[in-house]
Amino acid sequence: MINNAVIFISVSVVLTLVSFFIDRKKTLAGLKKGLMMFKNIAIPFLNILILVSLLIYVVPPDIIQEYLGAKSGALGLAIAAIVGSIALIPGFISYPIASMLIKQGASYTVVATFMTTLMMVGIVTLPLEIKYFGKKVAIIRNILNFFIAVVIGLLVGLIL
Amino acid sequence: MKKILKKYKPYIWLLSFAIFTLVSFLIGFQPGKDISINFRQFFIEMVTFIPFLFIIIGLFDVWFPKAKIEKHIGQESGIKGIILVIMLAMLQAGPLYGAFPVAYILYKKGASIKNIFIYLGAFSCLKIPMLGIEMGYLGWKFTLVRTLVSLPLFIGIGYLMEYRLKNKDFKVNEVKAKN
């Protein structure tokens with residue numbers, strides 16, 4: 001945690017200084033843009049942190065271990081892939097959830113599958129996708145990505 | 001009245017949580033205290049790196065403007081085409097449905113089917129802002145492994161989609177936003 005802060009703070013300071021040295025105006029515009037983006041996500045992010053704080057208290061770790069842990073097998077994988085495909089959680093907000101799941105005993109396979117389906121498969125946004133690509137292509141893409149997400153999860157779990 | 005409600009709606013959770021925490025400490029409600037301690041940990045974890053991540057993202061945005069790069073990307077083929085669409089995708093942010101309009105632009109400019117789907121794949125798993133948050137929360141090892149595993153698979157999807165859709169008059173439609 002402290003490491004994180006050190007890395008991100010030093011990288012941002014170095015980049016800002018270099019950028020400032022090259023072009024002051026651009027740098028200020030960039031900083032402003034970044035802080036605006038942060039402002040936009042701050043409230044939803046805090047809300048998710050509240051939710052995660054509640055969940056971590058209410059759901060005991062052994063339940064997470066049983067259903068999403070290393071021994072949950074195909075069931076854990078299926079839960080992760082299906083929930084990830086249906087849920088419409090903005091990516092940046094899903095990371096605190098993923099981190100909490102791992103700390104509470106979920107396996108890397110399950111979390112990687114969940115994250116990948118979350119980003120790659122969208123049941124809720126399928127109607128919109130169909131408008132762009134047509135029914136057949138949109139459905140093929142989602143099904144294909146669903147299975148690829150499971151493969152990614154398994155491989156990530158295998159390596160880590 | 002409705003307008004005011006709408007304006008403050010995002011804060012309702014925060015406010016209720018603040019009141020809940022305050023009351024918990026006042027009456028000594030242990031679960032409430034524990035939850036607020038959890039929250040404090042998550043909050044510290046978040047504020048020590050997320051704002052700085054956004055500074056980095058903001059700087060990236062001004063130095064590598066997406067619109068400008070979009071203008072230069074299209075018909076390139078081969079490895080160069082693949083690398084360019086992946087780079088374009090990495091600069092993006094936001095949910096997958098934000099990638100569809102860009103897919104339309106790529107299609108309009110004559111990008112191959114393969115590159116359009118590689119773009120979508122890279123968009124979903126390689127966006128720089130996402131990678132930053134992922135490293136912060138799940139560690140660089142997880143991020144590195146997930147990225148390296150995903151990349152070839154998404155390129156594979158691109159080839160597979162092109163193989164299946166070639167000569168089947170594949171097209172991307174323009175969808176105008178309703179307002």
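Residues numbered from 1 in each chain as written. Chains lettered and ligands numbered in written order. Predicted model: local features only at pLDDT ≥ 70, side-chain atom pairs only at ≥ 80, totals over all residues.

K.L.:
A description of the overall build of chain A should follow, citing residues and the corresponding values.
P.N.:
For chain A, the helix and strand inventory stands at 8 helices and 0 strands. Each helix and strand of chain A, ordered N terminal to C terminal, gives the series α-α-α-α-α-α-α-α. Its C-alpha atoms give chain A a radius of gyration of 19 Å, clearly above 15 Å, the size a compact globule of 160 residues would have. With the C-alpha coordinates of chain A rotated into their principal frame, the extents come out at 55 × 45 × 30 Å. Looking at chain A as a whole, 40% of its 160 residues qualify as buried. (Helix = DSSP H or I, 4+ residues; strand = E, 2+ residues; numbered from the N terminus. Rg over C-alpha atoms; globule rule 2.2 N^0.38 Å. Buried ≥ 20, exposed ≤ 12 C-beta atoms within 10 Å, placed from the backbone.)

K.L.:
Please provide a residue-by-residue account of the interface of chain A and chain B, values included.
P.N.:
Listed as interface residues are 61 residues of chain A and, on the opposing side, 56 residues of chain B. Mapped onto the side of chain A that touches chain B, the elements with two or more residues apiece are helix H1 (2-22), helix H2 (24-58), helix H5 (91-103), helix H6 (108-120), helix H7 (126-133) and helix H8 (135-159) of chain A. Element by element, the count of residues in the side of chain A that touches chain B is highest for H2 of chain A, at 21 residues. Residues of the side of chain A that touches chain B, tallied by class, amount to 42 nonpolar, 15 polar and 4 charged. (Contact = placed C-beta atoms within 7 Å. Nonpolar A, V, L, I, M, F, W, Y, C, P; charged D, E, K, R; others polar.)

K.L.:
Give a description of the domain arrangement of chain B that names residues and reports values.
P.N.:
Here chain B is partitioned into domain 1 (2-48) and domain 2 (63-165). A separation of 38 Å is found between the C-alpha centroids of domain 1 of chain B and domain 2 of chain B. (Domains from an automatic or database assignment.)

K.L.:
Describe the confidence of the model for chain B, with residues and values.
P.N.:
All names here are of chain B. Confidence in the prediction of chain B, expressed as mean pLDDT, is 88, and 98% of residues score 70 or more. Ranking the elements of chain B by mean pLDDT puts helix H1 (residues 2-8) last with 75 and helix H10 (residues 140-165) first with 94. For this predicted complex, the interface confidence comes out at an ipTM of 0.89, alongside a pTM of 0.88. (pLDDT = per-residue confidence, 0-100.)

K.L.:
Let's hear about helix H6 (residues 78-90) of chain B: which residues, and what values?
P.N.:
The end-to-end C-alpha distance of H6 of chain B is 19 Å, a good match for the 18 Å that 13 residues give at a rise of 1.5 Å each. Buried-residue contacts for H6 of chain B involve helix H5 (66-72) and helix H8 (113-126) of chain B. (Expected span 1.5 Å × (residues − 1).)

K.L.:
Describe the domain arrangement of chain A, and please don't skip the residues or the numbers.
P.N.:
Domain annotation of chain A identifies domain 1 (1-41) and domain 2 (59-159). One C-alpha centre belongs to domain 1 of chain A, the other to domain 2 of chain A, and the line joining them spans 31 Å.

K.L.:
Run through the environment of Gly105 of chain A, naming residues and quoting values.
P.N.:
Residues and elements named next belong to chain A. Here Gly105 is to be found in the loop between H5 and H6. Spatially, the C-alpha atom of Gly105 lies 31 Å from that of Asn40, the residues being 65 residues apart in sequence. Setting aside its immediate chain neighbours within four residues, Gly105 contacts Pro61, Ile64, Gln65 and Gly69.

K.L.:
Explain H6 of chain A residue by residue, including any values.
P.N.:
In this model, H6 of chain A (13 residues) spans 18 Å end to end at C-alpha, consistent with the 18 Å of a helix rising 1.5 Å per residue. Taking burial as the measure, the 13 residues of H6 of chain A include 13 buried ones, the bulk of the element.

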